[in-house]
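As a plain string of letters, each chain reads:
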Amino acid sequence: MAVLDFLLGLLVGLLLLGWQQIRSNVRLKKVLRKLQSSVDYSPFPLTSQLSLAVSQHRKEQLQLQQQLEMLQQILQVAPIGYLQVDDENRLLWCNVQARNILGISPEATWPKPRLLLELVRSYELDDLIEQARNAGQPCHSNWTFYPTSADPSDLSRQPAITLQGYGLPLPDNQVGVFLENRQEVMALMRQRDQWASDLAHELKTPLTSIRLVAETLQIRLVGSHSFGLRGERHRGLL
């Protein structure tokens, strides 16, 4: 009787073990289907397939992380500013140029992202981000940025900056923005306009003198011609 009970218990245990093994295999297949598409055609056991798939997934993640770090290094030394916000317009990352242009502190994204509008009081920049997100295509805008400071005495020493921004929609409703400081370009354009105005003014004086001389000569020529005609008529009468 004891032997029969033992055999029955062993049979029930084996059945439970087999049932758990079947459930484990089903779960492994579901996981493997998410990680790779060739599960049903692989000759390796499920545990080996899972290990290979996890290893391949980690390798791909490492490659993507390396590519992301390389792109961030490139953007760090780029001559224009770049910033990226999430779907709630919280600042995720920005390069050195963007921090210098907008006056963002390096600790702005630490320990957690903050709203861009809290860091940069520029409604034009916020509007550009919304335009790019809603349109689903690149958008650009030009505006004058007035830097803010916690110290009111610094406001007079912070001149306005002419900015040009390009908003790019990204996955997950994120938006990337390239910023270009156009202040030097605008200064050069003003210098060019001033130079053209000065040149026109300088040319105006000699041109006026030449016109006066030409008008004087024309008057004299007309007078000499009239005098000559009168002289010929007088000789004809004689």
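These numbers were taken from a predicted model, which means no experiment stands behind them.

Caption draft 1: Spotlight on the packing of aromatic side chains. Counted according to the given criterion, the structure contains 2 aromatic pairs. For the ring pair Tyr 82 and Trp 93, a centre distance of 6.3 Å and an interplane angle of 50° mean the geometry is tilted. Taken together, the positions of Tyr 82 in strand β1 (residues 81-85) and Trp 93 in strand β2 (residues 91-94) put the pair 11 residues apart, joining distant regions of the chain. A ring pair is formed by Tyr 82 and Phe 178, whose centres lie 4.8 Å apart and whose planes are at 50°; its orientation type is tilted. Pair noted here: Tyr 82 is in strand β1 and Phe 178 is in strand β5 (residues 175-181), with a separation of 96 residues, a long-range link.

Caption draft 2: Structural view of helix α5 (residues 123-135). For α5, spanning 13 residues, the distance from its first C-alpha to its last is 18 Å, which sits close to the expected 18 Å at 1.5 Å a residue. For α5, the full list of buried residues reads Leu 125, Asp 126, Leu 128, Ile 129, Ala 132 and Arg 133. Taken down its axis, α5 places every buried residue within 155° of arc, on the same side. Among the exposed residues of α5, those pointing more than 90 degrees away from its buried face are Tyr 123 and Asn 134. Buried residues belonging to α5 abut β1, α3 (96-102), α4 (116-119), β3 (139-145), β4 (161-169) and β5.

Caption draft 3: Here's a closer look at unusual backbone geometry. The phi dihedral of Asp 172 falls on the positive side, at around 60°, and the residue is not glycine. Among the structural elements, Asp 172 can be located in the loop between β4 and β5. Judged by relative accessible area, which is 66%, Asp 172 ranks as exposed. At Asn 173, a residue that is not glycine, the phi angle is positive and equals roughly 65°. Relative to the assigned elements, Asn 173 resides in the loop between β4 and β5. The exposure class of Asn 173 is partly exposed, given its relative accessible area of 46%.

Caption draft 4: Region of the structure containing the sheet that holds β4. Read across the sheet, 5 strands follow the order β2-β1-β5-β4-β3 without closing on themselves; strand pairing throughout is antiparallel. The open sheet has two free edges, formed respectively by β2 and β3, since each of these has just one partner strand. Taken pair by pair, the neighbouring strands of this sheet meet at an average axis angle of 25°, ignoring direction. One ladder, built from 7 bridges, connects β4 with β5; its direction is antiparallel.

Caption draft 5: Local environment of the confidence of the model for the chain. Per-residue confidence for the chain gives a mean pLDDT of 75, with 56% of residues at or over 70. Mean pLDDT in the chain bottoms out at helix α1 (residues 2-35), which sits at 58, and peaks at α5, which reaches 95.

Caption draft 6: Structural detail: a nonpolar patch on the surface. Nonpolar side chains collect at one region of the surface, where Met 70, Leu 71 and Ile 74 lie side by side and expose about 290 Å² of accessible area between them. Following the sequence through the fold, Ile 74 ends up in helix α2 (residues 46-76).

Caption draft 7: Representation of the pairing of β4. Across 7 bridges, the pairing between β3 and β4 is antiparallel. In the sheet register, Asn 142 faces β4, and the bridge partner there is Gln 164. In sequence, β4 turns back onto β5 through a hairpin of 5 residues, with Asp 172 there showing a positive phi of about 60°.

Caption draft 8: View of the pattern of salt bridges. The final tally for this structure, using the stated rule, is 5 salt bridges. For Asp 86, the salt bridge identified is with Arg 90, shortest N-O distance 2.7 Å. In this structure, Arg 90 and Glu 88 form a salt bridge, with 3.7 Å as the shortest nitrogen-oxygen distance.

Caption draft 9: Expanded view of the nonpolar core. Core analysis: the largest hydrophobic core is formed by 24 residues, its most contacted members being Leu 83, Leu 91, Leu 102, Leu 116, Val 120, Leu 125 and Val 177. Mapped by element, the contributors of at least two residues to this core are β1, β2, α3, α4, α5, β3, β4 and β5. The greatest single-element share of this core, amounting to 4 residues, is contributed by α5. Aside from chain neighbours lying at most four places away, what touches Val 177 is Gly 81, Tyr 82, Leu 83, Leu 125, Leu 128, Ile 129, Tyr 166 and Gly 167.

What counts and how
- Residues numbered from 1 in each chain as written.
- Predicted model: local features only at pLDDT ≥ 70, side-chain atom pairs only at ≥ 80, totals over all residues.
- Heavy atoms only, no water.
- Phe/Tyr/Trp six-rings, centres within 6.5 Å; stacked < 30°, edge-to-face > 60°.
- Helix = DSSP H or I, 4+ residues; strand = E, 2+ residues; numbered from the N terminus.
- Expected span 1.5 Å × (residues − 1).
- Buried < 20%, exposed > 50% of the residue type's maximum accessible area, 1.4 Å probe, protein only.
- Arc of directions from axis to C-beta.
- Contact = heavy atoms within 4.5 Å.
- Pairing = 2+ DSSP bridges.
- Axes fitted to C-alpha atoms, helices over the stretch in contact; angles between N-to-C directions.
- pLDDT = per-residue confidence, 0-100.
- Patch = residues over 30% accessible without salt bridge, like charges linked within 9 Å, V, L, I, M, F, W, Y side chains within 5 Å.
- Areas by Shrake-Rupley, 256 points an atom, 1.4 Å probe, with all protein chains shown as cover.
- Salt bridge = Lys/Arg side-chain N within 4 Å of Asp/Glu carboxyl O.
- Core = buried A, V, L, I, M, F, W, Y, C linked by side-chain atoms within 4.5 Å.

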